[in-house]
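# Coordinate inspection notes
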Amino acid sequence: MKRIFLLIALSVAYVQSTVWAQTDIKSDLTGRILFEIGPGEKMVEGENCFLLDPVSDRSAMVTSVGTGKNKQYYHYYAGGRKEGPFRKPDSTIWLECRTGDEWSGKYEYEQAEPLEAYVTRESDDHYVTFRGQRFGPYMYITNFVVAPDKSNFYASGFTSENKIHFFDGTGREITIVGMADKILMSPDGKRAILRTSGNYNLYDENELAKMMEHPEELSNPQDYYYEMTGERKGPFDPSSFRDIWFTVNNHLVYRVENDIYVNENLLFTTQDYFSPDDLYISDKGDKYVYYNYENIHFSDGFDAPFPLLLKVSQGGDKVIVKWVTLEDETNMVEYQRIF
């Protein structure tokens, strides 16, 4: 995930040494200087590696000075070591950060196996074969996802009567209203929702008369989502229903206008824009932290200016937040806050 590097001075604390120092007992904020950048040097975007974990002295970065043929590079390592100048930076400095250290609060599902591994076609019919069982027939399979541990699957498809069904590998199957959009699945594979649009199946001839009676619903279809239990949630106006997603710790989150809901409960309200990737919800769903291009916001009211990089983890009931910021254009500082 690409980050836009904004160099904003952080004023919540003044770090005097490279040793972690308690700066504010109420905010539980600690910080240390990772690097002190030389005069005239600029951080080279994309050629840095801030590993925000207990072994944080692995962090490194590259700066440059001069232009054109006179351009030179320096290597910085946490703890104060500086190397250079070099005509060309060492790419191994930032390659370590290409191995998945970047953090995201939104669960992004990546299915390694192709659809053909589970769905077969026989004449005009399609079947799903999963763990020795066969499901079908369907005219088409429109969505299909398999749980990461391959314990279950979730799918939507058209029946021979042009009805749309939402079904899974446990034998549950429901008929939905409207058009299937996409399936969202939780990281543990135990929960999935089917996002749908409108109240009509555009491929069902029996619904044509209903469509003609309600043209406004065709021009402005509302959004819904189905649980596998058959429960339908909505309607949500597409102009206000910003997004819906699962978090990395299995919470279902959606945003309606300025309201953020977690598992159907209102958690907080904000006018700030932020990407779903940049919101973290605690395991219990009672704490959160998010950041945008201005600030980091904590659920207990503590704020800090925009970071170059942020990483969140959970330790028991506590949320651990680490971030890096450039202060006074000379000090690259790593902060940690536990709340």
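Residues numbered from 1 in each chain as written. Predicted model: local features only at pLDDT ≥ 70, side-chain atom pairs only at ≥ 80, totals over all residues. Heavy atoms only, no water.

### Examining the overall build of the protein
- Across its full length, the protein holds three helices and 28 strands.
- Expressed as a percentage of the 339 residues in the protein, the buried residues total 48%.
- Accessible surface for the protein amounts to roughly 17500 Å². Of this, 48% is attributable to carbon and sulfur atoms. (Helix = DSSP H or I, 4+ residues; strand = E, 2+ residues; numbered from the N terminus. Buried < 20%, exposed > 50% of the residue type's maximum accessible area, 1.4 Å probe, protein only. Areas by Shrake-Rupley, 256 points an atom, 1.4 Å probe, with all protein chains shown as cover.)

### Structural notes on the sheet that holds strand E20 (residues 259-262)
- Judged by pairing direction, the sheet is antiparallel, and its four strands sit side by side in the order E18-E19-E20-E21 without closing on themselves. Two strands bound the open sheet, and with one partner strand each, they are strand E18 (241-246) and strand E21 (265-269). Averaged over all pairs of adjacent strands, the angle between strand axes in this sheet comes to 20°, irrespective of strand direction. (Pairing = 2+ DSSP bridges. Axes fitted to C-alpha atoms, helices over the stretch in contact; angles between N-to-C directions.)

### Here we look at the sheet that holds strand E13 (residues 173-175)
- One open sheet holds the four strands; their spatial order is E10-E11-E12-E13, and the pairing between them is antiparallel. Among the strands making up the open sheet, the edge pair consists of strand E10 (140-146) and E13. This sheet shows a mean twist of 15° between the axes of neighbouring strands, independent of strand direction.

### Notes on the nonpolar core
- Core analysis: the biggest nonpolar cluster contains 19 residues, and Val289, Ile296, Phe298, Leu310, Val312, Val321 and Trp323 have the highest contact counts within it.
- Within the residue set of this core, elements represented by two or more residues are strand E2 (29-36), strand E23 (288-291), strand E24 (295-298), strand E26 (309-315), strand E27 (318-327) and strand E28 (331-338).
- Looking at which element gives the most residues to this core, the answer is E27, with three residues.
- Not counting residues up to four positions away in its chain, the partners in contact with phenylalanine 298 are Tyr288, Val289, Asp303, Val321, Trp323, Arg337 and Phe339. (Core = buried A, V, L, I, M, F, W, Y, C linked by side-chain atoms within 4.5 Å. Contact = heavy atoms within 4.5 Å.)

### With respect to the pairing of strand E19 (residues 252-256)
- Burial of E19 is extensive: five of the five residues sit out of reach of the surface.
- The alternating pattern of E19 places Leu252, Tyr254 and Val256 on one face and Val253 and Arg255 on the opposite face, and all of these are buried.
- Direction of pairing for E18 relative to E19: antiparallel, over a ladder of five bridges. Among the inter-strand pairings, phenylalanine 246 is bridged to a residue of E19, identified as leucine 252.
- The antiparallel pairing of E18 with E19 creates a hairpin that spans five residues between the two strands, and asparagine 250 there sits at a positive phi of about 75°.
- Two strands pair when backbone bridges link them, and E19 and E20 are joined in this way by four bridges, in the antiparallel orientation. In the sheet register, arginine 255 faces E20, and the bridge partner there is isoleucine 260.
- Connecting the antiparallel pair E19 and E20 is a turn made up of two residues, with glutamate 257 showing a positive phi of about 55°.

### A word on unusual backbone geometry
- That bond from glycine 84 to proline 85 is cis: its omega, 10°, falls within 30 degrees of zero.
- Here proline 85 lies in strand E6 (residues 81-86).
- Following glycine 136, the chain continues to proline 137 via a peptide bond in cis, the omega torsion being 5°.
- Not every positive phi belongs to a glycine, and asparagine 263 is a case in point at roughly 50°.

### Description of the pairing of strand E14 (residues 179-185)
- Note: E14 against strand E15 (residues 192-197), six bridges, orientation antiparallel. For alanine 180, the partnering residue across the bridge sits in E15 and is threonine 196.
- Counted between consecutive antiparallel strands, the loop separating E14 from E15 contains six residues, among which glycine 189 sits at a positive phi close to 75°.

### Focus on the confidence of the model for the protein
- A residue-level look at the protein finds 89% of positions with pLDDT of 70 or above and a mean pLDDT of 86.
- Scored below 50 in pLDDT, residues 1-25 shows 68 contacts in the model against residues more than four places distant or in partner chains. (pLDDT = per-residue confidence, 0-100.)

### Re a nonpolar patch on the surface
- Residues Leu202, Tyr203, Met212 and Leu218 make up a contiguous nonpolar surface patch of about 450 Å² in total accessible area.
- For leucine 218, a relative accessible area of 36% puts it in the partly exposed group. (Patch = residues over 30% accessible without salt bridge, like charges linked within 9 Å, V, L, I, M, F, W, Y side chains within 5 Å. Salt bridge = Lys/Arg side-chain N within 4 Å of Asp/Glu carboxyl O.)

### Points about the side chain of asparagine 152
- As for its position among the elements, asparagine 152 is in the loop between E10 and strand E11 (153-158).
- On the basis of relative accessibility, which here comes to 6%, the residue asparagine 152 falls in the buried class.
- Reaching out from asparagine 152, the side chain makes a polar contact with the side chain of tyrosine 154 at a distance of 3.5 Å.
- Not counting residues up to four positions away in its chain, the partners in contact with asparagine 152 are Phe130, Val146, Ala147, Asp168, Gly169, Thr170 and Arg172. (Polar contact = N/O pair within 3.5 Å; in protein donor to acceptor, adjacent residues only side chain to side chain.)

### Side note on the packing of aromatic side chains
- Inspection of the entire model under this criterion finds 29 aromatic pairs.
- Ring geometry for phenylalanine 298 versus phenylalanine 302: centroids 5.4 Å apart, planes at 65°, classification edge-to-face.
- By relative accessible area, which is 3% here, phenylalanine 298 ends up buried.
- Owing to a relative accessible area of 15%, phenylalanine 302 belongs among the buried residues under this scheme.
- Put simply, the rings of Tyr118, Phe130, Phe135, Tyr138, Phe144, Phe153 and Phe167 touch in pairs and so form one group of aromatic residues.
- We note arginine 81 situated over the ring of tyrosine 77; from NZ or CZ to the ring centre the distance is 4.0 Å.
- Over the face of the ring belonging to phenylalanine 339 we find lysine 287, whose NZ or CZ atom lies 5.8 Å from the ring centre. (Phe/Tyr/Trp six-rings, centres within 6.5 Å; stacked < 30°, edge-to-face > 60°. Lys NZ or Arg CZ within 6 Å of the ring centre and 35° of its normal.)

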